[in-house]
Amino acid sequence: MTGTSLSAVHIEGLSKFYGDVGALVDLDLDVAPGEVVGYLGPNGAGKTTTIRLLLGLARATAGRAEVFGVDCQRRPVEAHRRLAFVPGEANLWPELTGAETLHVLGQVHGRVDEAYRNRLVERFDLDTSKKVRAYSKGNRQKVLLVAALTTRADLLVLDEPTSGLDPLMEQAFRASVAEARDRGQTIFLSSHVLSEVEALCDRVAILRQGRLVESGTLDQMRRLSAVSVEARFAGRVPDLSGLEGVDGAVVEGGVLRASVSGRIEPFLAVIAQAGVSRLVVREPSLEELFLALYGESPQQPEAVPASAG
Amino acid sequence: MQAELAPGPPAWARLIARTVIARRTVRKSVRSAVLWGYVFGITVVSSAVSYAGIYKTAAERRQLEVAFGHNLAAGALFGPARQLQDVAGFTVFKSSMTVMVIGAVWGLLTSTRLLRGEEDAGRWELLASGETDLAGAATQGLCGLAVAACVVWALTAVAVVAVGRWSLHVGAPAAVYFATALTAGAALFLGFGALTSQLAASRRQAASYAGVVLGVSYGLRMVGDAVSGLHWLVWLSPLGWVEQLRPLTAPQPWAFAPIVGATLLSAWAAVCLAGRRDVGGSTLADRSSRVPRLGLLSGPLAFTLRLARPAVTWWACVLAASGVLLGTVAKASGTTIVGSSVRQVFSRLGATGSGAAAFLGVAFVILAMVVAFQAVAHVATARREEVEGRALHLLAGPVSRSGWFGAWLAVATGSLVLSCLVAGAASWAGVALQGARAGFWSVMAAGVNMLAPSIFVMGAGTLAFGVLPRATVPVMYAVLGWSALVDLVAGFTPQSHWVLDTSLFHHMAAAPAVGVDWKADGIVVGAGVLMALVGWRGLLRRDLQLG
Ligand SMILES: Nc1ncnc2c1ncn2[C@@H]1O[C@H](COP(=O)(O)OP(=O)(O)OP(=O)(O)O)[C@@H](O)[C@H]1O
Ligand SMILES: [Mg+2]
């Protein structure tokens with residue numbers, strides 16, 4: 001990075017090995033202040049590991065991580081003053097009520113926006129007089145979300161924060177994150193809910209088997225990726241086999257479906273000549289993008305024949 | 001394609017799916033069952049073997065019988081003695097109470113952990129996944145626990161039958177009867193633990209309810225055995241029933257009736273209650289809503305105190321009750337500490353002289369084991385806070401690891417000090433109530449004297465917590481269990497100095513029978529603090545463990 005602007009998150013060569021297994025290998029990542037970054041990857045990719053290293057809860061094998069210039073491994077407490085964290089598993093003290101839990105988490109963090117807390121409690125439809133023991137998983141998750149959001153911390157680190165939330169609450173979550181973003185808070189969001197990431201994030205980083213495989217804005221990633229096309233022909237469907245960048249062509253009753261990457265002109269020329277009667281070109285959804293990225297694993301498991309039953 | 005009618009899974013596969021909780025319970029309890037089965041067996045063997053070595057002549061044996069036969073002090077602590085002139089009676093007297101109490105503690109901890117603990121952690125929902133309901137899960141859990149109880153019983157029985165043949169000169173049926181009596185306490189408290197698991201709202205609560213039952217049982221039988229007019233109290237106590245089995249000496253097999261009855265009844269009640277409540281719910285009223293109580297929520301130390309408050313209170317009450325009880329029986333028991341054999345035993349446990357003070361000296365050594373157990377419980381709670389992901393919310397905020405764990409150690413130390421003081425004051429009050437004289441300050445000092453072993457145990461726990469976190473609780477139990485066993489066995493059997501020196505309680509002066517050895521206490525505490533410091537460094541360097 002150049003200039004004096006300080007990254008909200010700065011990760012350099014960060015690695016974590018459990019024995020010989022690289023849970024995270026040589027990660028470099030920067031998040032600018034005010035940015036909303038989606039952190040994605042299949043199960044076991046190393047997302048939670050990254051976050052634990054970022055919080056100084058686990059010791060890095062190599063590399064370093066900083067939050068607003070503070071080394072998270074060496075001075076975790078100082079780093080934690082600038083951030084709030086929501087884990088995916090909401091384990092709380094069963095004997096405390098929701099209100100007591102919010103109170104103690106606020107006290108520990110030191111600063112809370114009480115008015116905002118009351119608004120959030122209402123928005124998330126949370127009965128805070130109940131003991132945590134009596135809460136469902138979704139309600140416990142809400143307690144942690146409210147606690148984190150009301151700190152108004154400069155950086156929100158969220159690890160699958162919406163697991164267990166119903167669609168209505170998912171909307172409340174999105175509205176709250178959007179508010180935080182509009183206030184200039186930085187958000188680091190690990191998630192499996194791709195629509196959520198698509199709706200909220202400026203940028204995504206994709207991890208696979210402990211390594212960063214993609215990072216960029218959604219637009220950039222789309223531009224690099226293939227578009228899917230569907231073309232209907234009145235007459236004979238042209239032969240596309242020699243054409244560069246055309247994949248997965250399927251012909252079905254005069255309709256051709258394929259994905260095209262790179263330059264699209266040669267493809268257009270061929271189909272125009274063949275007399276295309278209808279053409280639909282669609283950008284890939286984030287989901288398709290991911291399935292493509294997650295799927296191209298070097299050690300892809302053998303397809304298991306599905307058993308009847 | 002023609003859809004084929006898919007055949008359901010075969011019957012054996014369904015059976016396997018339906019016993020998944022039972023098998024898991026067996027798997028998770030069998031290791032400790034084997035360990036304790038061995039320990040019980042070895043305890044019996046060592047008592048039997050040592051008898052011949054110490055009491056060589058018939059005269060010595062008769063003297064032992066005369067001294068202990070009607071000794072209330074020994075009866076109060078270890079149960080009544082019978083037929084000490086032969087090895088069988090001596091072995092029963094020496095091993096029964098220790099094995100019975102350890103077995104009961106094992107039983108209640110195991111059943112609350114594997115029934116309530118597993119349920120609270122949500123593992124049953126995952127495992128059963130529609131194959132069974134809560135009552136079914138509880139039934140399976142109980143079946144698993146029954147297997148564990150059988151393992152303990154079988155290992156003990158093998159040892160007792162062997163020693164019965166070679167050294168006690170009793171037949172296999174009598175030996176099996178003895179082994180059954182030894183492990184009956186474990187079975188009873190497996191059942192009680194299962195019942196309280198349904199009554200309480202959490203594992204911890206369930207264990208403390210069952211713990212109260214154990215404490216009251218011990219207290220009732222103690223008074224019943226020590227105060228001649230109150231012998232009927234023994235029949236109100238589950239531990240008393242076990243005592244009334246009188247293996248090898250004057251067997252009363254019909255005492256099995258209340259034992260078997262209570263065990264089966266509590267198992268049956270547990271299943272019934274499980275069927276009537278929600279997962280994670282309790283049978284006794286547990287209000288789920290209330291106005292917020294914001295006291296003690298303002299920082300790591302205050303919050304830790306709030307989390308530990310129920311445990312702190314509970315332990316203080318346990319120690320207060322034990323203190324009053326021991327103090328009350330001290331005078332009556334102490335006057336019977338006469339005759340050289342009894343004095344010898346008491347002095348091997350560290351107490352000299354006779355009277356209430358001598359009795360209290362030995363009682364406080366045993367009470368110190370309870371206080372050390374309390375230390376284990378506090379550190380184990382901190383460990384659970386970490387593993388179950390609650391400490392995470394503080395440690396991911398601006399609370400350092402030192403701050404978090406330091407708060408737990410501070411609260412634990414405070415709680416131990418409180419328990420010791422309460423125990424001292426309560427036993428002084430108990431003694432005073434009986435009109436006996438004991439110096440207030442010397443009894444209080446004896447209370448404080450109990451602190452050193454528990455600090456050592458806490459230090460060992462902290463060392464493991466920092467360096468080998470998974471071993472935190474086992475290490476503490478190992479230190480405590482070994483020390484207690486060596487010291488109790490040593491009371492009746494002279495051991496080599498090398499063995500004795502490994503027991504924490506051996507380094508503890510049996511105050512108030514003798515003066516407190518502050519220097520020895522200081523060394524034990526120092527060693528504990530040293531271990532804690534090493535563990536502390538490890539804690540700052542290791543990964544936080546979750547799940
Ligand atoms: N304490 C540990 N010991 C050994 N291996 C571990 C440990 N913690 C994580 N791993 C391994 O590190 C890898 C990354 O795990 P991580 O939890 O970071 O994945 P994740 O991306 O968060 O997955 P998910 O989407 O399932 O939450 C996994 O292969 C996991 O098995
Ligand atoms: Mg994860």
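Each value, and the rule that gives it
Residues numbered from 1 in each chain as written. Chains lettered and ligands numbered in written order. Predicted model: local features only at pLDDT ≥ 70, side-chain atom pairs only at ≥ 80, totals over all residues. Heavy atoms only, no water. pLDDT = per-residue confidence, 0-100. Contact = heavy atoms within 4.5 Å. Pairing = 2+ DSSP bridges. Helix = DSSP H or I, 4+ residues; strand = E, 2+ residues; numbered from the N terminus. Axes fitted to C-alpha atoms, helices over the stretch in contact; angles between N-to-C directions. Patch = residues over 30% accessible without salt bridge, like charges linked within 9 Å, V, L, I, M, F, W, Y side chains within 5 Å. Areas by Shrake-Rupley, 256 points an atom, 1.4 Å probe, with all protein chains shown as cover. Salt bridge = Lys/Arg side-chain N within 4 Å of Asp/Glu carboxyl O. Near = heavy atom within 4 Å. Polar contact = N/O pair within 3.5 Å; in protein donor to acceptor, adjacent residues only side chain to side chain. Nonpolar A, V, L, I, M, F, W, Y, C, P; charged D, E, K, R; others polar. Expected span 1.5 Å × (residues − 1). Buried < 20%, exposed > 50% of the residue type's maximum accessible area, 1.4 Å probe, protein only.

Trainee: Looking at this structure, I do not really get the confidence of the model for chain A. What am I missing?
Mentor: Any segment with low pLDDT has predicted coordinates that should not be analysed in fine detail. When the pLDDT values of chain A are averaged, the result is 87; 94% of them are 70 or greater. Counting interchain partners and residues more than four positions distant, the pLDDT-below-50 stretch residues 297-309 of chain A has 7 contacts.

Trainee: Any chance you could explain the sheet that holds strand β14 (residues 276-282) of chain A here in plain terms?
Mentor: Backbone hydrogen bonds hold the strands of a sheet together, and the pairing may be parallel or antiparallel. Residue and element names in this part refer to chain A. Read across the open sheet, the 4 strands follow the order β12-β13-β11-β14; overall the sheet is antiparallel. With partners counted over all chains shown, the strands left at the sheet margins are β12 (246-252) and β14, one partner each. The mean inter-strand angle of the sheet, taken between neighbouring strand axes irrespective of direction, is 15 degrees. Strand direction decides the pairing type here: strand β11 (residues 227-233) and strand β13 (residues 255-260), joined by 6 bridges, are antiparallel. If you follow R232 over to β13, its bridge partner there is V255.

Trainee: Teacher, can you tell me more about a nonpolar patch on the surface here?
Mentor: Together, V417(B), L421(B), V448(B) and W518(B) make up an exposed nonpolar region whose accessible area comes to about 320 Å². With respect to the element layout, W518(B) can be found in helix α21 (residues 518-541).

Trainee: It is not clear to me how the site of ligand 1 should be interpreted in this structure. Could you clarify?
Mentor: All names here are of chain A. Within the structure, ligand 1 sits among Y18, A23, P42, N43, G44, A45, G46, K47, T48, T49, E160 and H192. Between ligand 1 and the protein, one listed contact pairs an oxygen atom with a side-chain N or O atom of N43 at 2.9 Å. A distance of 2.8 Å separates an oxygen atom of ligand 1 from a polar atom in the backbone of G44. With 3 residues, the top contributor of residues to the shell around ligand 1 is helix α1 (residues 47-54). Of the residues in the shell around ligand 1, the class split is 4 nonpolar, 6 polar and 2 charged.

Trainee: Just checking my understanding: could you explain helix α5 (residues 137-150) of chain A for this structure?
Mentor: Since the α-helix advances by 3.6 residues per turn, residues separated by three or four positions end up pointing in the same direction. The end-to-end C-alpha distance of α5(A), which contains 14 residues, comes to 20 Å, matching closely the 20 Å that a straight helix rising 1.5 Å per residue would cover. Where α5(A) is concerned, the buried positions are G138(A), N139(A), Q141(A), K142(A), V143(A), L144(A), L145(A), V146(A), A147(A), A148(A), L149(A) and T150(A). Contacts made by the buried residues of α5(A) are with β6 (83-86), α3 (98-109), α4 (114-123), β7 (155-159) and α6 (167-182) of chain A together with α15 (391-395) of chain B.

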